[in-house]
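Observations on the three-dimensional arrangement
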Amino acid sequence: MNLRELISALNDFASPSLAESWDNVGLLVEPSPPHTVNTLFLTNDLTEEVMEEAVQKKADLVLSYHPPIFTPLKRVTWKTWKERLVVRALENRIGIYSPHTAYDAVPHGVNNWLAKGLGACTSVPLHPSTAPSSPSEGTHRVEFCADAEHLDAVLYKIKGIPEISCLTTLPARVEGEEQTRVSLMCSQKALLEVLALLSQNSLLYPKTEILLLQKPLLPRTGMGRLCTLSEPVSLSDIIERVKGHLQLPHVRVAVGTGRTLESPVKKAALCAGSGSSVLKGTEADLYLTGEMSHHDVLDAVANGISVILCEHSNTERGFLSELRDALAIHLQNKINIIVSEKDRDPLQVA
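Residues numbered from 1 in each chain as written. Predicted model: local features only at pLDDT ≥ 70, side-chain atom pairs only at ≥ 80, totals over all residues. Heavy atoms only, no water.

1. Some details on the domain arrangement of the protein
One frequent convention defines the size of an interface as the accessible area lost when the parts assemble. In plain terms, the rule: Note: domain ranges come from an automatic or database domain assignment. Residues count as neighbours in contact if any of their non-hydrogen atoms are within 4.5 Å of one another. Values labelled buried area give the accessible surface lost by two parts on being combined, using a 1.4 Å probe and summing over both. Basic side-chain nitrogens of Lys or Arg form a salt bridge, by our definition, when they fall within 4 Å of a carboxyl oxygen of Asp or Glu.
Parsing the protein into structural domains produces domain 1 (3-102), domain 2 (106-129 + 219-313) and domain 3 (140-212). Placing a centre on the C-alpha atoms of domain 1 and another on those of domain 2 gives a separation of 30 Å. The interface is formed by ten residues belonging to domain 1 together with eight residues belonging to domain 2. Between domain 1 and domain 2, roughly 680 Å² of surface is buried when both sides are summed, and carbon and sulfur atoms account for 64% of that area. Considering only the surface of domain 1 that becomes buried against domain 2, Phe-13, Leu-18 and Tyr-65 emerge as the three largest contributors, covering 50% of it. At the junction of domain 1 with domain 2, the criterion picks out zero salt bridges.

Spelled out as structure tokens, the structure:
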């Protein structure tokens, strides 16, 4: 497939607009066009060892779940390992694409895969995603009625306010009088200026209506998951299920205050990777994630919530095999898709 055709297909699989605002997703390194992709190489982390594997396997595009370029690079030299990744990629005409939190949000993504480790359950996002394109302009709609005497002057001043859009006028009849109904969309900043202008006219201001425009929520899409198990299961059983699903010999466990390893777990909140900010404040019997700060673990335990920590990338990497199969179907088996054998969590239990 042509690279740009493939990127379009990958964006359809999980729109980059679903990623968190702080994230760096999409095509990060692009060889000079035209660039044909015969082999797509999947990895959780793009390290130098993994890059050499991609070169040896003649990959044309690396899909790295974590973006190897996150903070801006001021130069591309041989000095740091991330700079060397870019050099090696361009030397070998390998593109680099990263989906990261876009894959966290989608219903067929990382968090739903992680939830399978709990057993039979239903899940909903902890922080639902909103439709990216609706509404496209403005955060508020303002409507008011004005008579002919004030209309032209008010419209003239409103048109001079930045960040105003969709300004329309329609005939209206108010209390038996012929008037004009004015409707506009505006940003939060412009709203303050519009209200300041209307408040100067004692006839206009009481007739003003303000509507907060909220984007609709996307079903089953968003950050984290709150999982309700079909049947309560002891914490010790959940631990074994998670270890089996992630193929780990050990996990770290903090038992909530007033709980034991035999206490039942009915609701579990989870977030792949680093889940503190996503899980915080959620009422559940259990938090499941890769890593949390010491103090966030203490807070959870004090609130009677047990915590299972599996290390950051261990809660993500196993998804790659499922992703390979899903992308093969999505891309109609047009390209070869392989999963890295060198990619692994940097932490080990010694």
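2. Some points on the UniProt feature "binding site: a divalent metal cation" (unreviewed entry) in the protein
Rule in force here: UniProt positions are given in the numbering used here, feature names are shortened, and annotations may be inferred rather than shown by experiment. The helix count covers DSSP runs of H or I at least four residues long, the strand count covers runs of E at least two residues long, and both are numbered beginning at the N terminus. Type-normalised accessible area, obtained with a 1.4 Å probe on protein chains alone, sets the label of each residue: buried when under 20%, exposed when over 50%, and partly exposed for intermediate values. In protein, a polar contact requires one atom able to donate a hydrogen and another able to accept it; more generally it is a pair of N or O atoms within 3.5 Å, and residues adjacent in sequence count only if both atoms are side-chain atoms.
Summarizing the sequence annotation, UniProt attributes the feature "binding site: a divalent metal cation" (unreviewed entry) to His-66, Asp-104, His-312 and Glu-316 in the numbering used throughout. Separation in sequence by 251 residues is not matched in space for these annotated residues, since their most distant C-alpha atoms are only 13.5 Å apart. Mapped onto the fold, His-66 is located in the loop between strand 3 (61-64) and helix 3 (81-91). Residue classification places His-66 among the buried positions, given a relative accessible area of 13%. In this structure His-66 touches Asn-44, Asp-45, Ser-98, His-100, His-312 and Glu-316, once residues within four positions along its chain are discounted. Position of Glu-316 among the secondary structure elements: in the loop between strand 14 (306-309) and helix 11 (319-330). If near-sequence neighbours (up to four positions away) are discounted, Glu-316 is found in contact with Asn-44, Tyr-65, His-66, Val-110, Trp-113, Ala-272 and Gly-273. Polar side-chain contacts of Glu-316 include one of 3.2 Å to the side chain of Asn-44.

3. A word on the environment of Ala-115
On the secondary structure map, Ala-115 appears in helix 5 (residues 110-115). Residue classification places Ala-115 among the buried residues on the basis of a relative accessible area of 5%. Through-space distance from the C-alpha of Ala-115 to that of Thr-77 is 41 Å; in sequence the pair is 38 residues apart. Among residues more than four places away in sequence, those in contact with Ala-115 are Cys-121, Cys-227 and Leu-270.

4. Let's talk about the sheet that holds strand 1 (residues 26-29)
The test is simple: When DSSP finds two or more bridges between two strands, those strands count as paired. Fitted lines through C-alpha atoms serve as axes, helices being fitted only where they are in contact, and the angles separating the N-to-C directions of these axes extend from 0 to 180 degrees.
Taking strand neighbours across the sheet as the criterion, the five strands line up as 1-4-3-2-15 in an open arrangement whose pairing is mixed. Either end of the sheet is taken by a strand with one partner, and the two such strands are strand 1 and strand 15 (336-339). Across this sheet, the average inter-strand angle for adjacent strands is 25°, counted without regard to direction. Note: strand 2 (residues 39-43) against strand 3, four bridges, orientation parallel. Bridged to Leu-40 within strand 3 is Leu-61. Relative to the sheet, helix 1 (residues 3-13) contacts strand 1, strand 3 and strand 4 (95-98), its axis offset from that of strand 3 by approximately 20°. The sheet strands contacting helix 2 (residues 48-56) are strand 2, strand 3 and strand 4, and the helix crosses strand 2 at an angle near 160°.

5. Remarks on the sheet that holds strand 13 (residues 286-291)
The six strands are arranged 5-10-12-13-14-11 in an open sheet whose pairing can be described as mixed. Each edge of the sheet is formed by a strand with only one pairing partner; in this case those strands are strand 5 (121-130) and strand 11 (252-254). The mean inter-strand angle of the sheet, taken between neighbouring strand axes irrespective of direction, is 25°. Where strand 5 lies against strand 10 (residues 217-234), eight bridges are found, and the strand directions are antiparallel. Note on strand 10: the bridge partner recorded for Pro-128 is Gly-222. Together, strand 10, strand 11, strand 12 (264-274), strand 13 and strand 14 form the strand contacts of helix 8 (residues 235-246), whose direction differs from that of strand 10 by roughly 125°.

6. Here we look at the packing of aromatic side chains
The line we're drawing: Any Phe, Tyr or Trp ring, taking Trp's six-membered ring, that has another such ring centre within 6.5 Å forms a pair; planes under 30 degrees apart are called stacked, those over 60 apart edge-to-face, and the others tilted.
A complete count under the given rule lists three aromatic pairs for this structure. When the ring of Phe-13 is compared with that of Tyr-103, the centres are 5.8 Å apart and the planes differ by 70°; the resulting orientation is edge-to-face. One end of the pair, Phe-13, is in helix 1; the other, Tyr-103, is in helix 4 (residues 101-105), and 90 residues separate them in sequence. Between Tyr-103 and Phe-319, the aromatic rings sit 6.2 Å apart at their centres with planes inclined by 80°, giving edge-to-face as the arrangement.

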